[in-house]
Every structure is written in structure tokens, then in C-alpha cells.
Amino acid sequence: MKIGLFAYTRQACRTARAVMLLFPREEIRAYTMERFEEKGFAHICRPTAPFYGELFSWADALVFVSACGIAVREIAPHVREKQSDPAVICIDEQGHFVIPLLSGHIGAGNELALRIADALHASPVITTATDINKRFSVDAWAARNNFVIDDLQQAKAVSAAILERDIPLSCDFGIATELPGGLVSADSGELGICISYRKKAPFVQTLRLIPKILHIGIGCRKGSSDVAIREAVNTVIDQEGLDKRAVRCVASIDLKAEEEGLLKYCEENGLMPVFYSSAELLEVPGSFTPSSFVQSVTGVDNVCERAALLGADELIVRKTAVSAVTVAVAVEKLEVRFG
């Protein structure tokens, strides 16, 4: 986590140091007024608009040890949208109150404020409606568990409706805990939440939460272009009704670790490429679609299925050939937990 920390008085600097001690492994940039500058603190630069703007873009969280008004004035020109704005926390200089001002849910501002308040023996001041009414906060839960929120407008609709009534939840996975306040298990209704890696909409208005648990296994002819790989992957994804945003990684044999087209495809799509040796692939248990040609070139009878399954739990799409590219898909085991 990258944290920007601001203190505007001597006492605020002391409180800021207490906050810094809570995050020994995080990247922290701490600032104070030039006349209060001391070890560990740089001075706040002028003009202030570009100074705070750069930090607003850089940080995962900004912590102001100051009056709320100071924090609001400094961040106001830079606030854009909840899915990208950093969490913004305000702490009074005596460390009595910790107040999340921005990105309390998606940016984990509420969670961060609670952690700081607990360490400082301060009072957290949480103002988001779902939290104070002890109802399920869909965007906070999704962010905390690394689920993709399909539609932020639908998320807003759910957050508003859940204050008035229980919302149905359809889930493709086992649920290991009790449902939180505001959710009931159901597969139909006007407005509801669906947890799935598939493109499905069981409700008239469906908010989909997408876990990143799919592994795409790829085999390809030497020199295959990123365009050919993209076409093959998209074809399989579409045919199987999968959501591309559920893909966690792309896997293949280490002989393909220098394949320009495969690397370019992964880079363009923000996917992590993983490469395994033939020995590692041979150790994967299961029944796979064999190829004598692949065996002669790589030393293993099947690349895409074995690569997809290594690190996952179930092969859900077997070897599918699209031109010179083969694709398989495996899924990690998931157990959904609330609370």
C-alpha cells in the first residue's frame, strides 16, 4: 500500500508518527509545513494544487492529521470517481477521532480508519449508511475480497435498496458463513446480486460480482501473433459463457516464455503469464487430450489443459483449437465467506 501522510502542527507530527508505526512495510510519504520539518517528513510544496494532485494519483490512501476542512479543500480539485480515488482519512491532531472522508468502501477507507482508530485508542467516525445500519456493503465486500464489480450503477442501486429491504443473492459457490444483514438466498427477483465467473443474470436487475479464479491454458505454434491468441481466447470465453474479467492468469509451457505474441497478449490485457516446465506439467494428475505431435515437440502430451489445471482445481473447458492456438480453462476452488 502507498500512503500519503500530512501533518500541519507539531502535535500533528507526533500523531502522524504513531500512524507511521502501524505500517512498517508500506511505502509512506510523510509531509508537514516547512517550519515544522523534521526527520522523516518532507515539506509541503507550493503551489499546493499540483503537489496534492500528484499524491492523489500516486497513493492508495491519503491520511490528513488535521481539521476535516483542510483535507476537503486540498483533495476537492482532484476527486474523480469512487473506483479510482484513493481512500482519504482525517485524524484530529490529538488522535481522538479517525474519520474516513472518501472511498470508504471500494478504497477500503472504512477498514483503514478502524485499524488506525484501534491502534490509537481513538473513536472511528463511520458515516456510510450500510455500515451504521449494519447492512451488507456490497462494494466494500467486493473490494476486500478482490471481486470485480460488474456495474457500479447497479452497485449503487443495491446499496440504496438494501437499506429498505433484503436483497436476493445467487451464488455459484458454497457459502461458509451466515449471510450478512440485508441478504437472502434466492435465484429470482427484481434486483439482486449474483456471484459467478459466468455471464448470467438471474434477476431483472443483476449486480454481478466476479471472482478472479479462472486459469487460461494456452498452447500455440511458434510465432503465433497476439491477434491469433486473442481471437482464440475470446472464442472460447464467448462459447462457454465465461466472463473475461474472471481470468486470473494465462499459463503455458516454459518453451513459450519468449513467445512475443503470447507476452504481448498478456501485457495488453493486464494478465499475468505463468510458465511451467514439461516435468511440472507431467506431474499434473488427471486425464488429458493427448497429442503425439505436442509430445514430440515439448515432451508432454498436452500443454494447454495441464497448464490451466496446474495451480487450479477443476478443468472446466478442455482443449479447444482455434487456428494455430489451443485453449483450455480451469477454475480455482472458491468458498464464499461474509464477515
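Residues numbered from 1 in each chain as written. Predicted model: local features only at pLDDT ≥ 70, side-chain atom pairs only at ≥ 80, totals over all residues. Heavy atoms only, no water.

(A) Structural context of the overall build of the protein. In terms of regular secondary structure, the protein is built from 12 helices and 19 strands. The principal-axis extent of the C-alpha atoms belonging to the protein is close to 75 × 50 × 30 Å. A total of 339 residues make up the protein; the buried ones form 47% of that total. Taking contacts inside the protein between residues at least 6 apart in sequence as the whole, the part at least 24 apart equals 60%. Carbon and sulfur atoms make up 50% of the accessible area of the protein, which amounts to about 16,500 Å² in all. Across the protein, 36 positive and 43 negative side-chain charges occur, with their mean positions spaced 2 Å apart. (Helix = DSSP H or I, 4+ residues; strand = E, 2+ residues; numbered from the N terminus. Buried < 20%, exposed > 50% of the residue type's maximum accessible area, 1.4 Å probe, protein only. Contact = heavy atoms within 4.5 Å. Areas by Shrake-Rupley, 256 points an atom, 1.4 Å probe, with all protein chains shown as cover. Lys, Arg positive; Asp, Glu negative; His and termini not counted. Charge placed at Lys NZ, Arg CZ, Asp CG, Glu CD.)

(B) Highlighting the environment of H43. Inspection of the secondary structure puts H43 in strand β3 (residues 42–43). Taking the C-alpha atoms as reference, H43 lies 14 Å from F64; in sequence the two are 21 residues apart. Residues contacting H43, with those up to four places away along its chain left out, are Y31, T32, E34, E37 and F51. A polar contact of 3.3 Å, which involves the side chain of H43, links it to the side chain of E37. (Polar contact = N/O pair within 3.5 Å; in protein donor to acceptor, adjacent residues only side chain to side chain.)

(C) Representation of the packing of aromatic side chains within the structure. Counting across every chain of the model gives 12 aromatic pairs. Here the aromatic rings of F6 and Y31 are separated by 5.9 Å at their centres, their planes lie at 20 degrees, and the arrangement is stacked. Of the two residues, F6 sits in strand β1 (residues 2–7) while Y31 sits in strand β2 (residues 27–32), which places them 25 residues apart along the sequence. The residues F6 and Y31 share a single accessibility class, namely buried. Ring centres 5.5 Å apart and planes at 85 degrees place the aromatic pair F136 and F338 in the edge-to-face group. (Phe/Tyr/Trp six-rings, centres within 6.5 Å; stacked < 30°, edge-to-face > 60°.)

(D) The packing of helix α8 (residues 226–240) against helix α9 (residues 260–268), seen in detail. Contact geometry for α8 and α9: axes closest at 8 Å, N-to-C directions at 60 degrees. What the angle tells us is that α8 and α9 run oblique. Handedness of the α8/α9 crossing: right-handed. For the pair α8 and α9, the contacting residues are D226, I229, R230 and V233 in the first and G261, L262, K264, Y265 and E268 in the second. Considered class by class, the residues forming the contact of α8 with α9 number four nonpolar, one polar and four charged. (Axes fitted to C-alpha atoms, helices over the stretch in contact; angles between N-to-C directions. Parallel < 35°, antiparallel > 145°, perpendicular 65-115°, else oblique. Left-handed = near helix turned anticlockwise from the far one by under 90°. Nonpolar A, V, L, I, M, F, W, Y, C, P; charged D, E, K, R; others polar.)

(E) Broad picture of α8. The end-to-end C-alpha distance of α8, which contains 15 residues, comes to 21 Å, matching closely the 21 Å that a straight helix rising 1.5 Å per residue would cover. For α8, the complete set of buried residues consists of D226, I229, A232, V233, V236 and I237. All buried residues of α8 lie within an arc of 135 degrees about the axis, which places them on one face of the element. For α8, the exposed residues set more than 90 degrees away from the buried face come down to D238 and Q239. In this structure, the buried residues of α8 make contact with β14 (214–220), β15 (247–253), α9, β17 (314–322) and β18 (325–331). Count one or two residues on from α8 and you reach G241, which has phi positive near 70 degrees. (Expected span 1.5 Å × (residues − 1). Arc of directions from axis to C-beta.)

(F) Local environment of the pattern of salt bridges. This model, assessed by the stated rule, comprises 14 salt bridges. The shortest N-O distance in the salt bridge between R337 and E335 comes to 3.0 Å. One network of salt bridges, with partners in common, ties together D150, R208, D243 and R245. (Salt bridge = Lys/Arg side-chain N within 4 Å of Asp/Glu carboxyl O.)

These figures come from the coordinates and say nothing about function on their own.
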